[in-house]
Amino acid sequence: MKKQILVIGGTGKTGSRVAQILKTEGHQVRIGGRNESPSFDWSKPESYGSALEGMEAAYVTYYPDLAVPGAKEAITRLTLAAKSAGLKKLVLLSGKGEKEAEACERIVVRSGLDYVLVRASWFNQNFSESFLLEPIQAGQVALPMAEAQIPFVDANDIAEVAVKALTEDQWNGRTLTVTGPEKLTFKQVVEEIASVTDRSIQFQSVSVEAYGEMMKSAGVPDDYVWLFSYLFREVLGNADNQEISYDVKEVLGRNATSFREYIERTADTGIWNQMVSSI
Ligand SMILES: NC(=O)c1ccc[n+]([C@@H]2O[C@H](COP(=O)([O-])OP(=O)(O)OC[C@H]3O[C@@H](n4cnc5c(N)ncnc54)[C@H](OP(=O)(O)O)[C@@H]3O)[C@@H](O)[C@H]2O)c1
């Protein structure tokens, strides 16, 4: 049966893919974002009701992260607004190994609505659609936690799992942990991208503190510096976060996308070979 689904963060890394798949499957999709009509803005709780009106389910990606101060209040308000608007289900994107995000997960679990929690590892697409793209294009990547073993997951896999969670009842009440099929360190990732693109990309291991200082000197606001330090130290430093999960296979009936496949697909677009004008 076709559904009416709100995709909050529908222009972002997973949301855009979720919206695309849902539309292809014939569902009616409303994008939740600041430039949409009706507009949805996490910082404006008064915008939640009109975005939720008439919807049956919602894919919820909170920006910038469920661990930041204010996230619990926003998720509480959203669940209340979703109940009043008559939604049946929420699918919440959360972070694997993020203790702070679990408080937000519990709010959704206790909402009284059907729910699925999608707990994701770090996305592959952070290297091609986010903050790590520019350093790769510039050929100089400096990161902390260089030795952490990370089961990076592909945003396409997360989106396909989220669509199943939104459209099929059998996943209700589940926490689906989505990871890639292998673990890599940041250093290995940079070496693989350099090898596939045939470029020289330097990797420098720095401390979390030094990385925070670099962000501050680049003008990054203090609350983002705190968030990145938290994500590097608490999430990547947490052994639970390094475990590989097979939930992608259970839900999709196929193996999770390998990092190599992601690299080859992305290298073909040419994005890693583009010059950075600001450097
Ligand atoms: N990146 C990762 O590796 C990773 C791993 C695990 C979990 N997660 C989780 O994924 C979620 C999204 O993170 P992401 O880094 O992947 O970002 P993203 O989804 O690519 O974020 C961008 C989206 O956020 C929306 N947005 C930004 N500010 C907003 C606001 N004030 N109100 C409403 N929408 C707003 C943007 O929409 P408009 O600009 O159109 O308004 C855009 O659609 C976070 O909760 C994060 O914890 C991320």
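Described below are features of the structure shown in this document. (Residues numbered from 1 in each chain as written. Predicted model: local features only at pLDDT ≥ 70, side-chain atom pairs only at ≥ 80, totals over all residues.)

1. Notes on the overall build of the protein
Scanning the protein from terminus to terminus reveals eleven helices and eight strands. What you see for the protein is a C-alpha radius of gyration of 19 Å, in line with the 19 Å of a compact globule of 279 residues. Expressed as a percentage of the 279 residues in the protein, the buried residues total 42%. (Helix = DSSP H or I, 4+ residues; strand = E, 2+ residues; numbered from the N terminus. Rg over C-alpha atoms; globule rule 2.2 N^0.38 Å. Buried ≥ 20, exposed ≤ 12 C-beta atoms within 10 Å, placed from the backbone.)

2. Focus: the sheet that holds strand S3 (residues 57-60)
Sheet architecture is open: six strands sit in the order S2-S1-S3-S4-S5-S7, paired in parallel fashion. Strand pairing shows two members of the sheet lacking a second neighbour, strand S2 (28-32) and strand S7 (175-178), which therefore form its edges. When the angles between neighbouring strand axes are averaged without regard to direction, this sheet yields 20°. In terms of strand pairing, strand S1 (residues 4-8) meets S3 through four bridges, oriented parallel. The partner of leucine 6 across the bridge, within S3, is alanine 58. Across the sheet, helix H6 (residues 155-167) touches S1, S3, strand S4 (89-95), strand S5 (114-120) and S7, and the angle it forms with S5 is around 170°. (Pairing = 2+ DSSP bridges. Axes fitted to C-alpha atoms, helices over the stretch in contact; angles between N-to-C directions. Contact = placed C-beta atoms within 7 Å.)

3. Brief notes about unusual backbone geometry
Proline 38 follows serine 37 through a cis peptide bond whose omega is 0°. Omega for the bond connecting tyrosine 63 with proline 64 falls within 30 degrees of zero, at 5°, which places this linkage in the cis form. Topologically, proline 64 is positioned in the loop between S3 and helix H3 (71-85). Positioned with a positive phi, methionine 145 is a non-glycine residue whose angle comes to about 55°. Along the polypeptide, methionine 145 turns up in the loop between strand S6 (140-143) and H6. If you check the backbone angles, aspartate 198 has positive phi at about 60° while not being a glycine. Note that aspartate 198 resides in the loop between helix H7 (186-197) and strand S8 (202-205). Residue aspartate 198 is classed as exposed on the basis of its 8 C-beta neighbours within 10 Å.

4. Some remarks on the pairing of S1
Here S1 lies mainly inside the structure; four of its five residues are buried. In this structure, S1 lies alongside S2, joined through five bridges in parallel fashion. What sits directly across from isoleucine 5, in S2, is valine 29. Read from S1 through helix H1 (residues 15-24) to S2, the crossover connection turns out right-handed. (Right-handed = clockwise from strand over helix to strand, strands pointing away.)

5. Here we look at the packing of H1 against H6
Where H1 meets H6, the closest approach of the two axes is 8 Å, and the angle between their N-to-C directions is 50°. By the angle between their axes, H1 is oblique relative to H6. Handedness of the crossing formed by H1 with H6: right-handed. Facing Arg17, Val18, Ile21 and Leu22 of H1, the residues of H6 in contact are Ala155, Asn156, Ala159, Glu160, Ala162 and Val163. A per-class count over the contact of H1 with H6 returns seven nonpolar, one polar and two charged. (Parallel < 35°, antiparallel > 145°, perpendicular 65-115°, else oblique. Left-handed = near helix turned anticlockwise from the far one by under 90°. Nonpolar A, V, L, I, M, F, W, Y, C, P; charged D, E, K, R; others polar.)

6. Concerning the nonpolar core
Core analysis: the biggest nonpolar cluster contains 77 residues, and Ile5, Ala58, Tyr59, Val60, Val91, Val118 and Ala162 have the highest contact counts within it. Per-element accounting of this core gives the leading share, eight residues, to H6. Not counting residues within four places of it along the chain, the set of residues in contact with alanine 162 comprises Thr14, Val18, Tyr59, Val91 and Val118. (Core = buried A, V, L, I, M, F, W, Y, C linked by C-beta atoms within 7 Å.)

7. Description of the environment of lysine 88
Mapping lysine 88 onto the fold places it in the loop between H3 and S4. Owing to 16 C-beta atoms within 10 Å, lysine 88 belongs among the partly exposed residues under this scheme. The spacing of lysine 88 and arginine 34 is 54 residues in sequence and 24 Å in space, taken between C-alpha atoms. Sequence-distant contacts of lysine 88, defined by excluding residues within four places in its chain, comprise Glu56, Ala57, Leu113 and Asp114.

8. Side note on the pairing of S3
Where burial is concerned, the two faces of S3 agree: the one with Ala57 and Tyr59 and the one with Ala58 and Val60 are both buried. Of the strand pairs in this sheet, S3 and S4 are connected by four bridges, and their pairing is parallel. Each bridged residue has a counterpart across the sheet, and for alanine 57 the counterpart in S4 is lysine 89. Handedness of the β-α-β unit built from S3, H3 and S4 comes out right-handed.

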